[in-house]
Amino acid sequence: MNPIDELRAARPAHLGDRPVDERTRAAELAYAMSRPRQGERRRRPAFRPAWGLALAGGAAAAVTAAAVVLPGGGATPPPRAPAVAETEHAPAVTENGTAVTQKTHLSAREVLLAAAANAGRQAEATGDWWHTATVSRTLFTVAGGGYRVESRGRDEMWTPRAPGGEQWSRGRSLGAAPATEADRQAWEAAGSPAEFEIKVPGKRGALSMPAAPGKVRIDHSPLVDGDKVFWLGRNVTMKDLRGLPDEPEALRAWLLRSYEGHDTESAGVPMASDVWLFKVSAGLINDMPVTPKVRGAAFRMLAGLDTVEVTEDVTDAEGRTGTAVSIEERVKGGAVLRNRLVFDEATGRGLANENVVVEPGGLQAGLEPGSVFSSVAVLEAGWTDTAPRR
């Protein structure tokens, strides 16, 4: 999908074809580029502002969430070897009474199985609305400037439990800013412009991205077909999500019924089944209204994939430390990205989805390996009886 199609997909359907001025169009395009693409088949949720968190990895339209720059401006270091993970246990007492902390080495599979058990033990809750709040970040290179900026946005989504209602969203661009101290110095040397010109690979000219935060956007739309609420390889209902199998093999089989050998976003881009399952499952774990047992089954399913890696002590853009499970993917433009799901191992709660650069190329050209190109951090995901703020 080219950037114009991105903009069209990003535009709420209820606005119709009313003309949009070029400045607004450029801002909306930048917003669209910093989130997962929506094709004709994908509507997750059923309208634009909150697309969920399963990260796609392609070029201009494959920015699937937004980029993370760690506190202090540094890029995330490449994950260490995932063969074993260390976990501390209660101190053992020696003969002379000295406490010694014991370390147990766990494989990637064992880490995921432990997270699965913890996720499955969480208390179940219900409510009238499924509510999520996220902050997304994307890293862009300024055209002709030689420095990078981070674009940020905050989104909330309310999805009704009962069919026949409307989904509501509340979103706001938080603006763009130089990504590191070195980038800030380059920006100041360029006269501290209030807007950044972003070059889109393969396209003439550049789009303008403002540094200042934008206005709050509130949208609402009827559920697709009256009951479709999310995308999970296909459009699904709340009843589908609440009735998903809670055994890993059964869940895998249910999901793979929607797999057609290509990207979660584009029929023209081949994708291995392991990568497809990972992306779909990451969204299921992070921000979908499934039962704790189903979330645990998703972790067990990921533990069965030979191509995943686990890394401990990963810090997300919100400064939270968790464990990450990841898988690599070569995307359009030649880049290789590591799709990474960061989670709290003690609860199985998803914290963030990230795309980490392994080999630069395309939209990621110029970024060093280990840079977090894009991410979505989950601030809230749960049931509530409080109606959307309108």
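Just above sits the structure.
Residues numbered from 1 in each chain as written. Predicted model: local features only at pLDDT ≥ 70, side-chain atom pairs only at ≥ 80, totals over all residues. Heavy atoms only, no water.

Asker: Is there a simple way to explain the packing of aromatic side chains in this structure?
Answerer: Both the distance between ring centres and the angle between the ring planes are used here to describe each pair of aromatic rings. Per the counting criterion, the structure on display carries four aromatic pairs. Across from the ring centre of tryptophan 383, 4.8 Å away, lies the NZ or CZ of arginine 161, which sits over that ring. (Phe/Tyr/Trp six-rings, centres within 6.5 Å; stacked < 30°, edge-to-face > 60°. Lys NZ or Arg CZ within 6 Å of the ring centre and 35° of its normal.)

Asker: How do you make sense of the layout of surface pockets when you look at a structure like this?
Answerer: Over the atoms, a rolled probe matching the size of one water molecule traces out where space is still vacant. Each pocket or cavity is described by its volume, and for the second largest pocket that value is around 340 Å³. Residue lining of the second largest pocket: 20 residues in total, with Gln122, Trp130, Arg295, Arg349 and Ala381 positioned closest to the centre. Of all elements in the fold, only α7 (273-287), α8 (292-303), β16 (349-359) and β17 (372-384) reach the threshold of two or more residues within the lining of the second largest pocket. Residue composition of the lining of the second largest pocket, by class: 10 nonpolar, six polar and four charged. (1 Å grid on protein atoms, 1.4 Å probe; cavity = no way out; pocket = protein on both sides within 12 Å on 5 of 7 lines; lining within 4 Å. Points joined across faces, edges and corners; volume = space filled by probe spheres on them. Helix = DSSP H or I, 4+ residues; strand = E, 2+ residues; numbered from the N terminus. Nonpolar A, V, L, I, M, F, W, Y, C, P; charged D, E, K, R; others polar.)

Asker: Which parts of the structure should I look at to understand the environment of alanine 119?
Answerer: If you trace the backbone, alanine 119 turns up in helix α3 (residues 108-120). In this structure alanine 119 comes out as buried when scored by relative accessible area, which is 2%. C-alpha separation for the pair alanine 119 and glycine 296, spaced 177 residues apart in sequence, amounts to 5.1 Å. For alanine 119, the residues in contact, after removing those within four places along its chain, are Pro292, Arg295, Gly296, Phe299, Thr347 and Gly348. (Buried < 20%, exposed > 50% of the residue type's maximum accessible area, 1.4 Å probe, protein only. Contact = heavy atoms within 4.5 Å.)

Asker: Would you explain the pairing of strand β15 (residues 336-344) in this entry?
Answerer: Looking down a regular strand, the side chains alternate between one sheet face and the other. The element β15 is largely enclosed, with a buried count of eight among its nine residues. As paired elements, strand β14 (residues 321-330) and β15 share eight bridges and run antiparallel to each other. From the neighbouring strand, glutamate 329 faces β15, where its bridge partner is leucine 337. Between the end of β14 and the start of β15, which pair antiparallel, lie five residues, with glycine 333 showing a positive phi angle near 100 degrees. The pairing of β15 with β16 spans nine bridges and is classified as antiparallel. Directly across from valine 336, in β16, lies its bridge partner glutamate 359. (Pairing = 2+ DSSP bridges.)

Asker: In this structure, what is going on with the packing of helix α6 (residues 248-256) against α7? I would like to understand it.
Answerer: Any two packed helices are characterised by the angle at which their axes cross and by the distance between the axes. Contact geometry for α6 and α7: axes closest at 11 Å, N-to-C directions at 105 degrees. As summarised for this structure, α6 and α7 are arranged roughly perpendicular, according to the angle between their axes. Contacts between α6 and α7 pair Leu251, Arg252, Leu255 and Leu256 from the former with Ser273, Asp274, Trp276, Leu277, Val280, Ser281 and Leu284 from the latter. Residues of the contact of α6 with α7, tallied by class, amount to seven nonpolar, two polar and two charged. (Axes fitted to C-alpha atoms, helices over the stretch in contact; angles between N-to-C directions. Parallel < 35°, antiparallel > 145°, perpendicular 65-115°, else oblique.)

Asker: Mind showing me how you'd approach the pattern of salt bridges here?
Answerer: Pairs may arise between side chains of opposite charge once their charged atoms sit close together. Applying the stated criterion across every chain, the model contains 13 salt bridges. As a salt-bridge pair, lysine 228 and aspartate 225 come within 3.6 Å of each other at their nearest N and O atoms. The salt bridge involving lysine 228 is made with aspartate 227; its shortest N-O contact spans 3.1 Å. Classification of aspartate 227 as partly exposed rests on a relative accessible area of 26%. Ionic contacts of the salt-bridge type, sharing partners, join the residues Arg137, Glu150 and Glu318 into one network. (Salt bridge = Lys/Arg side-chain N within 4 Å of Asp/Glu carboxyl O.)

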